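Examining the three-dimensional arrangement
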Amino acid sequence: MAKRISLTRYLVEQQRVDGLIPGQLRLLLEVVARACKSISHAVNKGALGGVLGSADSENVQGEIQKKLDIIANEVLIEANEWGGHLAAMASEEMDGIYVVPNRYPQGEYLLLFDPLDGSSNIDVNVSIGTIFSVLKKPEGDRGVEAGDFLQAGHQQVAAGYCVYGPQTTLVLTVGDGVAMFTLDREQGSFILTQENVRIPEDTKEFAINMSNMRHWDAPIKRYVDECLQGVEGPRGKNFNMRWVASMVADVHRILTRGGIFMYPWDKREPNKPGKLRLMYEANPMGWLVEQAGGAATNGKQRILDIQPGQLHERVSVILGSKNEVERVTSYHSEL
Ligand code: AHG
Ligand code: MN
Ligand code: MN
């Protein structure tokens, strides 16, 4: 029988054999995985667990929160605050940072998360997920503060997501490629099901919310228009379109079979650089995609090189198959 490698064993090997991750980071990732398991159980209960519907509250970004946004946020905080591996956390669903209470030891890592991605899909039983990013707290004896989180994406030491779909799959990078783990519900553990994930450099599949077409900027219009022209157009091939409206699910498809995902700036809210959040969505997904051989830009620069100015900063996102992302990015510089 083929050897089954659990997430625990994979992480121990990353720590001991390859020396890639320190013990505290291994613990942190185990704890995040455990929290995701617990969120997965809540998601699976659905209406039976009373977890569907809205919570009658708004987050800092003015979005109505769903019950599961709040539940997932609480699960992640409760799981992570006492282990001694973290200094603080930041979440899409919290106004400010959450400093580990001083009754617990403080560790050297910072954890950022989008506790529940794809909120509009919760009540309709479509794949949703959790996205996370890990940074190191800057050296020094002073207490942790919000500014410590404002590090460019290339400083991440771990990133990943868990998609709650037909299967629950945890996808992870610690800078040594991308690995996927499927939740074995009988055993209660994540089992390694794919290593060295690679995104094909070319694709015939794009993902964008087409209903925003009239608001797009010229380079995005040009790219999508050329795809839509199919074999008769300049690309000389037919394209397919997918849009799940959960970034986790769209990125998971791209890591599995290639494709390009775009959530560009558009004219609806001209003062916002985009809809997606740099720290909780674009950075972790951008790093995963790069680690799998793909690319991620905001149309002008590499996502991972953007210096964040604030915690809840938004950004345009173009990521996936390398040659397509480079093409869209080059259209931006031709203007
Ligand atoms: P969240 O549920 O965390 O707010 O994120 C939803 C995001 C992202 O997952 C998805 O790609 C996008 O919003 C969908 O937006 P539209 O509804 O505008 O298509
Ligand atoms: Mn999200
Ligand atoms: Mn969310």
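Being a predicted model, the structure only gives us computed values, none of them experimental. (Residues numbered from 1 in each chain as written. Chains lettered and ligands numbered in written order. Predicted model: local features only at pLDDT ≥ 70, side-chain atom pairs only at ≥ 80, totals over all residues. Heavy atoms only, no water.)

This part covers the site of ligand 1. In the vicinity of ligand 1 lie 17 residues, with Asp117, Ser119, Asn209, Met247 and Tyr263 positioned nearest. Glu92 is positioned such that a nitrogen or oxygen atom in its side chain is 3.0 Å from an oxygen atom of ligand 1. One of the backbone N or O atoms of Met247 is found 2.7 Å from an oxygen atom in ligand 1. Here ligand 1 loses 87% of its free accessible area of 470 Å² to cover by the protein chains. (Near = heavy atom within 4 Å. Polar contact = N/O pair within 3.5 Å; in protein donor to acceptor, adjacent residues only side chain to side chain. Areas by Shrake-Rupley, 256 points an atom, 1.4 Å probe, with all protein chains shown as cover.)

Attention shifts here to the coordination of the manganese ion (ligand 3). Taken together, Glu92 (OE), Asp114 (OD) and Leu116 (O) make up the full set of protein donors to the manganese ion (ligand 3), lying 2.2 to 2.3 Å away. Counting along the primary sequence, the residues that act as donors to the manganese ion (ligand 3) give the motif E-x21-D-x1-L. The distance between the manganese ion (ligand 3) and the manganese ion (ligand 2) comes to 3.7 Å, with Asp114 serving as a donor to both metals. A residue pair is termed long-range when its members are at least 10 positions apart, and Glu92 in the loop between strand E3 (86-91) and strand E4 (98-99) and Asp114 in strand E5 (residues 109-117) qualify at 22 residues. (Donors = N, O, S within 2.8 Å, 3.2 Å for Na, K, Ca; no water. Helix = DSSP H or I, 4+ residues; strand = E, 2+ residues; numbered from the N terminus.)

This brings us to the sheet that holds strand E8 (residues 168-173). For sheets, the rule is that strands pair by backbone hydrogen bonds, running either parallel or antiparallel. Judged by pairing direction, the sheet is mixed, and its 8 strands sit side by side in the order E4-E3-E5-E6-E7-E8-E9-E10 without closing on themselves. Looking at which strands have only one partner, the edges of the open sheet turn out to be E4 and strand E10 (189-194). In terms of strand pairing, E3 meets E5 through 5 bridges, oriented parallel. Bridge pairing links Ser91 to Phe113 in E5. Its contacts with the sheet place helix H1 (residues 7-16) against E8, strand E9 (179-184) and E10, and it is angled at close to 5 degrees to E8. Strand contacts of helix H5 (residues 247-257): E5, strand E6 (128-136), strand E7 (158-164), E8 and E9, with the helix running at about 105 degrees to E7, the strand carrying the most contacts. (Pairing = 2+ DSSP bridges. Contact = heavy atoms within 4.5 Å. Axes fitted to C-alpha atoms, helices over the stretch in contact; angles between N-to-C directions.)

Between its terminal C-alpha atoms helix H2 (residues 23-45) stretches 34 Å, which fits the 33 Å expected from 23 residues at 1.5 Å a residue. Directly after H2, the chain includes Gly46, whose backbone phi takes a positive value near 50 degrees. (Expected span 1.5 Å × (residues − 1).)

Below, the discussion takes up the domain arrangement of the chain. One can read the domain layout of the chain as domain 1 (7-194) and domain 2 (205-333). With 50 residues of domain 1 in contact, the opposing surface of domain 2 contributes 32 residues. Summing both sides of the interface, domain 1 and domain 2 together bury roughly 2900 Å²; the carbon and sulfur share of this comes to 63%. Remark: the boundary between domain 1 and domain 2 carries 2 salt bridges. (Domains from an automatic or database assignment. Buried area = accessible area lost by both parts, 1.4 Å probe. Salt bridge = Lys/Arg side-chain N within 4 Å of Asp/Glu carboxyl O.)

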